[in-house]
Amino acid sequence: MLTKNEDPPRGPSICFEMVGLCLSNITILQDVSFTVKAGDMHCLIGPNGGGKTSLILSLLGQMPHTGRIEINWTGGTTIGYVPQVLDFDRTLPVTVNNFMTMICQNMPAFIRTRKRYKDIINNALRLVSMDTKGERRLGELSGGEMQRVLFAQALIPFPDLLILDEPGAGIDSVGARVIEEIILVLKKQKVTMVWINHDLKQVKQMADAVTCIHKQVLFSGTPDEVLTTERVFQAFGTTSHGP
Amino acid sequence: MVSIYNSIMPVVQRLAESGWLPESFKYAFVFNSLVAALVLGPVLGGIGTLVVTKRLAFFSQAIGNAALTGVAIGIILGEPYTSPYVSLFSFCIIFGMAMVFTKNRTKMTTDTLIAVFLCISLAIGACILLYVTAKVNVHVLDNVLFGSILTVNELDLNVLFVISFICIFCGLGFYNRMVLSSFNPNLARVRGIKVIFLEYLFILMVTIITVASVKIIGAILVEALLVIPAASARNLSRSMRGFFFYSATFSTLSCVIGIVIPMELEIPVPSGGAIILVAAFFFAVTTAIRRLRRAYPALGKI
């Protein structure tokens, strides 16, 4: 599924210019401006309620924002999105394979999975080490397993821009390692990634750039430049999200 | 469809006269109600899986109540009290659409909003019924509330066929997308799914199938057939395939048994009530099976 592809970057660059968002007279985002370079893995950090998810939804065109968000596609235009959670009744008889089938095809998942999608689904699940759990019900999965399934769906079709809304939250160590490995592969393929991440250690190790959002941009740059102790304390105050 | 109906009916009547089928099958109203049951059962059972998945059981109850008001409006406007379809469809569709429209524009939780609309609908119905009682015997409304196989005519069947076709067409075409939209609307939108459009479409489907079911199951009880078979199916199934097919099967069996048994045993109960009681029986049995499977996991493999 993953093919070696060096320069130029397959992912787009993204330019946020004076982005603002106001919902029910509450300012969520104000004058947010920064750039995500093509093929970069760009992390968004910041305190909870700071507007990171709203910024991502604005990027996806799902929020009535002001200002300008420009995506400069260089090749394909496929967006993969890894949401935080699925909102469903955990007793529902929907298996992992059912869910992946619903992602791929229009024919109802209760009839069958088309043959051409079976391999695609198995490959995506294999990448996140979930291929042996295809017949598990979604409600029986642990938080980490669910995150891996949500990650797998974002790989179908293979994305040029991958947007991750805190996939590491509540994930187990095995799941975290699996996701890190895939992200490194995607990075090599120069897929542009925008990743909301609270794990500052991971951000330092993996990100090409990081932007801290708390209504506004508090700082933006490479992790080595901007992730100083003072700035992190300034951003998170006395909360537990230390580096 | 009408030609199929006209060609099958004489065959069934001959089989009934020659003793191969119960004697009651030679009556047109019995045949009509069974045809309605065989069409309605799978459709309601199938849509029921979506209703349960999208957690909209309470919504279908609101539409059922709106149907009562729709009938009352129809009678006031001079439509025949046995089939006031123009008012029924008009009022229920406006009611359903207004509910979704309001939901998408307020921050109210769905259950609160549905409760508000349900009460408004009942209040309008109660007020109009006062005038209706001056025009027709109010007991006629029992048929609308609880269903009656005696009143199912060819017009009802034709309405049912058309509505069922629309629901099957839309349901099969958009099933996956409707489920995904309820799991995570943002993810669905990224994947190009028109979440709001599908929300309206689904509400429209539930509304029109509810109205089409009013004559045989009854306005008050349609909701039960959208929910109970799907809940029974959930007790037994481990995947969407089982969920859908068990639900359609339980729903169809409930409709057929609920019509045939009271007729054969000459028990004077409304068809809707009998159908729901059969569905409730399936629910009780499947719940017991589920508990047994939990207590003895080896049974789960059977």
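Quick caveat: nothing in here was measured; it's all calculated off a predicted structure.

**Looking at the interface of chain B and chain A**
- Residue-level contacts link 29 residues of chain B with 38 residues of chain A.
- Between chain B and chain A lies a buried interface of about 2900 Å² when both sides are counted; carbon and sulfur atoms form 57% of it.
- Among the residues chain B hides against chain A, the three largest losses belong to B:Asn176, B:Phe183 and B:Arg238. Together they make up 24% of the total.
- Counting every contact that joins chain B to chain A gives three salt bridges.
- Between A:Glu140 and B:Arg238 there is a salt bridge whose closest N-O contact spans 3.3 Å.
- Counting across the interface, chain B meets chain A through 17 residue pairs in polar contact (both at pLDDT 80 or more).

**Side note on the side chain of B:Arg290**
- Assignment of secondary structure puts B:Arg290 in helix H12 (residues 271-295).
- Of the buried charged residues, B:Arg290 lacks a salt bridge, with A:Asp89 as the closest side chain of opposite charge at 8.0 Å.
- With residues near it in sequence (within four places) discarded, B:Arg290 still touches A:Thr91, B:Arg234 and B:Asn235.

**Focus: the sheet that holds strand S2 (residues 26-36) of chain A**
All names here are of chain A.
- Taken in spatial order, the three strands make up an open sheet running S2-S1-S4, and their pairing is antiparallel. A strand with exactly one partner marks an edge of an open sheet, and here the two such strands are S2 and strand S4 (66-72). Direction aside, the axes of adjacent strands within the sheet are offset by 15° on average.

**As for unusual backbone geometry**
All names here are of chain A.
- For the peptide bond that leads from Ile156 to Pro157, omega is -10°, which places it in the cis range.
- Within the chain, Ser129 stands out as a residue other than glycine whose phi angle is a positive 55°.
- Note that Ser129 resides in the loop between helix H3 (115-127) and helix H4 (143-154).

**Some words on the environment of A:Phe110**
- If you trace the backbone, A:Phe110 turns up in the loop between helix H2 (96-104) and H3.
- Expressed as a C-alpha distance, the spacing of A:Phe110 and A:Thr192, which sit 82 residues apart in the sequence, is 35 Å.
- With residues up to four places along the chain from it excluded, the contact list for A:Phe110 reads B:Leu172, B:Tyr175, B:Met240, B:Arg241, B:Phe244 and B:Phe245.

**Looking at the pattern of salt bridges**
Residues and elements named next belong to chain A.
- Applying the stated criterion across every chain yields a total of 12 salt bridges over all chains.
- Among the ionic pairs, Asp131 bridges to Arg126, the shortest N-O distance being 3.8 Å.
- Under the relative-accessibility criterion, Asp131 is labelled partly exposed at 32%.
- Among the salt bridges present, the one from Lys133 reaches Glu145, with a minimum N-O distance of 2.5 Å. With Lys133 in the loop between H3 and H4 and Glu145 in helix H4, this residue pair connects regions lying 12 residues apart in the sequence.

Definitions and limits used
Residues numbered from 1 in each chain as written. Chains lettered and ligands numbered in written order. Predicted model: local features only at pLDDT ≥ 70, side-chain atom pairs only at ≥ 80, totals over all residues. Heavy atoms only, no water. Contact = heavy atoms within 4.5 Å. Buried area = accessible area lost by both parts, 1.4 Å probe. Salt bridge = Lys/Arg side-chain N within 4 Å of Asp/Glu carboxyl O. Polar contact = N/O pair within 3.5 Å; in protein donor to acceptor, adjacent residues only side chain to side chain. Helix = DSSP H or I, 4+ residues; strand = E, 2+ residues; numbered from the N terminus. Buried < 20%, exposed > 50% of the residue type's maximum accessible area, 1.4 Å probe, protein only. Lys, Arg positive; Asp, Glu negative; His and termini not counted. Pairing = 2+ DSSP bridges. Axes fitted to C-alpha atoms, helices over the stretch in contact; angles between N-to-C directions.

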